[in-house]
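Architecture at a glance
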Amino acid sequence: MIIGDRVFNLKDEVYIMGILNITPDSFSDGGAIYGSKNHIDNALKKVEEMINDGASIIDVGGESTRPGYVQVSDDEEIYRVCPIIEKINDNFDVVVSVDTYKSKVAKEAVSAGAHMINDIWGFKADRDMASIVALNNLSCCIMHNRDLENNPYTSFYKDIFEDLKESVEIALSAGVKEDKIIIDPGIGFGKSYEQNLDMISNIEVLHPLGLPILLGTSRKSVIGLTLNLPVDEREEGTMATTTFGVLKGCSIIRVHDVKKNYRAAKMALELRRHMRDATLFM
C-alpha cells in the first residue's frame, strides 16, 4: 500500500502508528499538548520522539473520542489539527494521518498535508467522507463502531464483519481504491468489556475481508479493567495486546507508547514468521 509517498508492505511487515492528541480532554493524555504553553513546539518534540522510537505514521486527533466525550465544532477541530499537520510536514519525513469522522475537517487536513484519514465511524457518520478520500486518492482506516442503543448485536462476530463490509462498500462505491483501505475492529467502541476481549482474541474473523488490519488498544479500559490499573499504568497490558495482535496478523498497531510497543511488535513479527505446524517435522 502506498500512503503518501511511502510504500508499506502490510502483508509481511508490521508498522507503528503513534498517537498525537491535540485535545484538552482525551482519556489518556488530554491537555498534555493542547492547552500547554508552546503547544506546537511540544507537539513537534513528541512527534520527533515517536519517529525516533519507531513510528512510521503519526495519527493527529483534534477531538477526544473517549466515552462521554463532548463533540467540538468542525472549525475548532480544524484550528487544532491543521497547524500541527503543516508543521509536521515542514519538519519531518513521516506519514501523517488525521483522526476524524468529519469530511470538512478531513478536507482541510488534506490541504494542510495529511496523507491518510482514520475514521472511527467507518464513513457512516458523514457520507461525504468517502468522497474526500477518493477525490484525493488517500489511504484510509475504516473503524468499526455501532450505536448499541438503537442497533444491538444479534450475532457479535457476524455483525461486526457485516458492519465493516458495509463500510468498505461505501468506500468502494465512492471511488476509494481497495488497495487504499485498512480496517480496524474498533476496540473500545460499541462493545462491552467481554466483547472487547472477544474481538482482540479472535481478530482473525476479519481476515476474509482481505484487507490489512489496524489494532488500537493503547491504554484502553479493557486493559485497565483486566489489570485493575489506572490509565497511566497500562503500558505492559498494551504491549501484551500488541504482541497478540501481531501474531494474529495485524499490520498496524496504534499506540501512545511507541518505543516498547515497536520492540514488542518486532519480536512478535519474527515469531509469526516462524509459526508452522511443528508436528510435521517430528
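See the structure shown above.
Predicted model, so just to flag it, every value in this text is computed and none were measured.

Quick look at the environment of lysine 104 now. Positionally, lysine 104 belongs in helix α3 (residues 103–112). Given the relative accessible area of 42%, lysine 104 is considered partly exposed. As for lysine 104 and proline 83, which are separated by 21 residues in sequence, their C-alpha atoms are 15 Å apart. For lysine 104, the residues in contact, after removing those within four places along its chain, are Asp74, Asp75 and Ile78.

A few words now on a nonpolar patch on the surface. On the surface, a nonpolar cluster with roughly 380 Å² of combined accessible area is contributed by Leu247, Met267, Leu271 and Met275. Relative to the helices and strands, leucine 271 resides in helix α9 (residues 258–273).

Quick look at the layout of surface pockets now. Reported here for the second largest pocket is a volume of approximately 180 Å³. Forming the walls of the second largest pocket are Leu197, Ile200, Ser201, Val222, Ile223, Thr226, Leu227, Gly237, Ala240, Thr241 and Phe244. If you list the elements that add at least two residues to the lining of the second largest pocket, you get α6 (193–201), α7 (221–227) and α8 (235–247). Here the lining of the second largest pocket is built from residues that sort into seven nonpolar, four polar and no charged.

Let us look at the sheet that holds strand β4 (residues 55–61). Taken in spatial order, the eight strands make up an open sheet running β8-β7-β6-β5-β4-β3-β10-β9, and their pairing is parallel. Either end of the sheet is taken by a strand with one partner, and the two such strands are β8 (181–184) and β9 (214–215). In terms of strand pairing, β9 meets strand β10 (residues 252–255) through two bridges, oriented parallel. When the sheet's bridge partners are listed, leucine 215 is paired in β10 with isoleucine 253. Against the sheet, helix α5 (residues 156–174) touches β7 (139–143) and β8, its axis set at about 155° to β8.

The next subject is the state of the cysteines. Summed over all chains, the structure comprises zero disulfides. Looking at cysteine 82, it has no disulfide partner, and the nearest cysteine sulfur is the one in cysteine 140, 19 Å off. Classification of cysteine 82 as buried rests on a relative accessible area of 9%.

On to the packing of helix α1 (residues 39–52) against helix α2 (residues 74–91), then. Where α1 meets α2, the axes come as close as 10 Å, and the angle between the chain directions of the two elements is 50°. When the axis of α1 is compared with that of α2, the two are oblique. α1 and α2 meet at a crossing whose hand is right-handed. Facing His39, Ile40, Ala43, Leu44 and Val47 of α1, the residues of α2 in contact are Pro83, Ile84, Lys87, Ile88 and Asn91. Residue composition of the contact of α1 with α2, grouped by class: seven nonpolar, two polar and one charged.

For the rest of this paragraph, the subject is the packing of aromatic side chains. Inspection of every chain in the model, using the stated rule, returns three aromatic pairs. In textbook terms, an aromatic cluster arises when at least three aromatic residues are bridged by ring pairs, as seen for Tyr153, Phe156 and Tyr157.

Soluble, globular proteins show a tendency: their nonpolar side chains are buried together. Membership of the largest hydrophobic core comes to 66 residues, with the highest contact counts inside it found for Leu20, Ile58, Val60, Ile85, Ile88, Phe123 and Leu206. Among the elements that make up this core, the one with the highest residue count is α5 (seven residues). Once residues within four sequence positions are removed from consideration, phenylalanine 123 is found in contact with Met129, Ala130, Val133, Cys140, Ile142, Ser167, Ile170 and Ala171. Phe8, Leu10, Val95 and Ile182 belong to the second largest nonpolar core, which has 13 residues in total.

All of the buried residues in α6 are Gln195, Asn196, Met199 and Ile200. Across the axial projection of α6, the buried residues extend over an arc of 135°, all falling on one side. Of the surrounding secondary structure, the elements contacted by the buried residues of α6 are α5, α7 and α8.

It is worth spelling out the pattern of salt bridges at this point. As enumerated under the stated definition, the model contains 16 salt bridges in all. Salt-bridge contacts for aspartate 93 lead to arginine 6; the nearest nitrogen and oxygen are separated by 3.3 Å. In this pair, aspartate 93 sits in the loop between α2 and β5 (95–99) while arginine 6 sits in strand β2 (residues 6–7), placing the two residues 87 residues apart along the sequence. Residue class for aspartate 93 comes out exposed when judged on its relative accessible area of 55%. Take arginine 6: its relative accessible area is 29%, and that puts it in the partly exposed class.

Right, let's get into empty space enclosed by the protein. On inspection of all chains with the given rule, the structure shows one cavity of 30 Å³ or more. In this model, the largest cavity occupies a volume close to 30 Å³. If you go around the largest cavity, the residues you meet are Trp121, Gly122, Lys124, Met143, His144, Asn145, Asp163 and Ser167. Looking at the lining of the largest cavity residue by residue, the classes come out as two nonpolar, four polar and two charged.

The rules behind each value
Residues numbered from 1 in each chain as written. Predicted model: local features only at pLDDT ≥ 70, side-chain atom pairs only at ≥ 80, totals over all residues. Heavy atoms only, no water. Helix = DSSP H or I, 4+ residues; strand = E, 2+ residues; numbered from the N terminus. Buried < 20%, exposed > 50% of the residue type's maximum accessible area, 1.4 Å probe, protein only. Contact = heavy atoms within 4.5 Å. Patch = residues over 30% accessible without salt bridge, like charges linked within 9 Å, V, L, I, M, F, W, Y side chains within 5 Å. Areas by Shrake-Rupley, 256 points an atom, 1.4 Å probe, with all protein chains shown as cover. Salt bridge = Lys/Arg side-chain N within 4 Å of Asp/Glu carboxyl O. 1 Å grid on protein atoms, 1.4 Å probe; cavity = no way out; pocket = protein on both sides within 12 Å on 5 of 7 lines; lining within 4 Å. Points joined across faces, edges and corners; volume = space filled by probe spheres on them. Nonpolar A, V, L, I, M, F, W, Y, C, P; charged D, E, K, R; others polar. Pairing = 2+ DSSP bridges. Axes fitted to C-alpha atoms, helices over the stretch in contact; angles between N-to-C directions. Disulfide = S-S within 2.5 Å. Parallel < 35°, antiparallel > 145°, perpendicular 65-115°, else oblique. Left-handed = near helix turned anticlockwise from the far one by under 90°. Phe/Tyr/Trp six-rings, centres within 6.5 Å; stacked < 30°, edge-to-face > 60°. Core = buried A, V, L, I, M, F, W, Y, C linked by side-chain atoms within 4.5 Å. Arc of directions from axis to C-beta.

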